[in-house]
Amino acid sequence: MPATRAVGAISDRYVHDAYTGLALGGYDPVAYFVDGKAVRGVREFEAVYDGAYWRFSNAGNAAAFIDAPKVYVPAYGGYNTVAVAGGRLEASDPTLFAVHANRVHLFATAADRETFLKDPAGYTALAEARWPGLLDTLSR
């Protein structure tokens, strides 16, 4: 049975495709944790959370997300963590990720990912400080 929920307007709080509303380009946010890699989700396992459509590769991942979405959504709405740390919003590539302190961080380029990995705590602290101001600029 598909895991689907109703939705209102699409929110900019998460990086998403403007035409489909898919967060993470359709990649499964739970798979970063359980598979350790970016895995495409499928239409059969889709949920809506906070104004974005999220896809999953299987029913178990969909159920885990529905039960605790805040555990699985990427840090900073899926925007590039290094850019957020620098005070800017930049879309990310869902295949470029790192898990730090039990959060998925996404990046626009492999170079940004490598930069983050040199000092994840430092970039996370900067991004945490700047994210509230950036979040206020996004539509709900």
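Thresholds, definitions, all that
Residues numbered from 1 in each chain as written. Predicted model: local features only at pLDDT ≥ 70, side-chain atom pairs only at ≥ 80, totals over all residues. Heavy atoms only, no water. Buried < 20%, exposed > 50% of the residue type's maximum accessible area, 1.4 Å probe, protein only. Helix = DSSP H or I, 4+ residues; strand = E, 2+ residues; numbered from the N terminus. Arc of directions from axis to C-beta. Contact = heavy atoms within 4.5 Å. Polar contact = N/O pair within 3.5 Å; in protein donor to acceptor, adjacent residues only side chain to side chain. pLDDT = per-residue confidence, 0-100. Phe/Tyr/Trp six-rings, centres within 6.5 Å; stacked < 30°, edge-to-face > 60°.

**Some points on helix α2 (residues 59–67)**
Here is step 1 of the chain: Among the residues making up α2, those that are buried are N61, A62 and F65. What you see down the axis of α2 is that its buried residues fit within an arc of 100°, all on one side.
Here is step 2 of the chain: Looking at the buried residues of α2, the elements they touch are α1 (31–34), β1 (42–49), β2 (52–56) and α3 (69–72).
Here is step 3 of the chain: With a side-chain oxygen lying 3.1 Å from the backbone nitrogen of G60, the N-terminal cap of α2 falls on N58.

**Re the confidence of the model for the protein**
Here is step 1 of the chain: Looking at the protein, pLDDT values average 89 and 89% of them are 70 or higher.
Here is step 2 of the chain: pLDDT under 50 marks residues 1–10. Its contacts with residues more than four places away, or in other chains, come to 20 contacts.

**Focus: the packing of aromatic side chains**
Here is step 1 of the chain: Taken as a whole and assessed by the stated rule, the structure comprises eight aromatic pairs.
Here is step 2 of the chain: Consider the rings of Y32 and F97, whose centres lie 4.6 Å apart with planes at 50°: the pair is tilted. One end of the pair, Y32, is in helix α1; the other, F97, is in strand β3 (residues 93–100), and 65 residues separate them in sequence. Of the two residues, Y32 and F97, neither departs from the other in class, the shared state being buried.
Here is step 3 of the chain: Considering the side-chain rings of W54 and F65, the 5.3 Å spacing of their centres and the 35° angle between planes classify their relative orientation as tilted. Taken together, the residues W54 in strand β2 and F65 in helix α2 connect sequence positions eleven residues apart.
Here is step 4 of the chain: For F65, a relative accessible area of 1% puts it in the buried group.
Here is step 5 of the chain: Taken together, Y49, W54, F56 and F65 form an aromatic cluster joined through their ring pairs.

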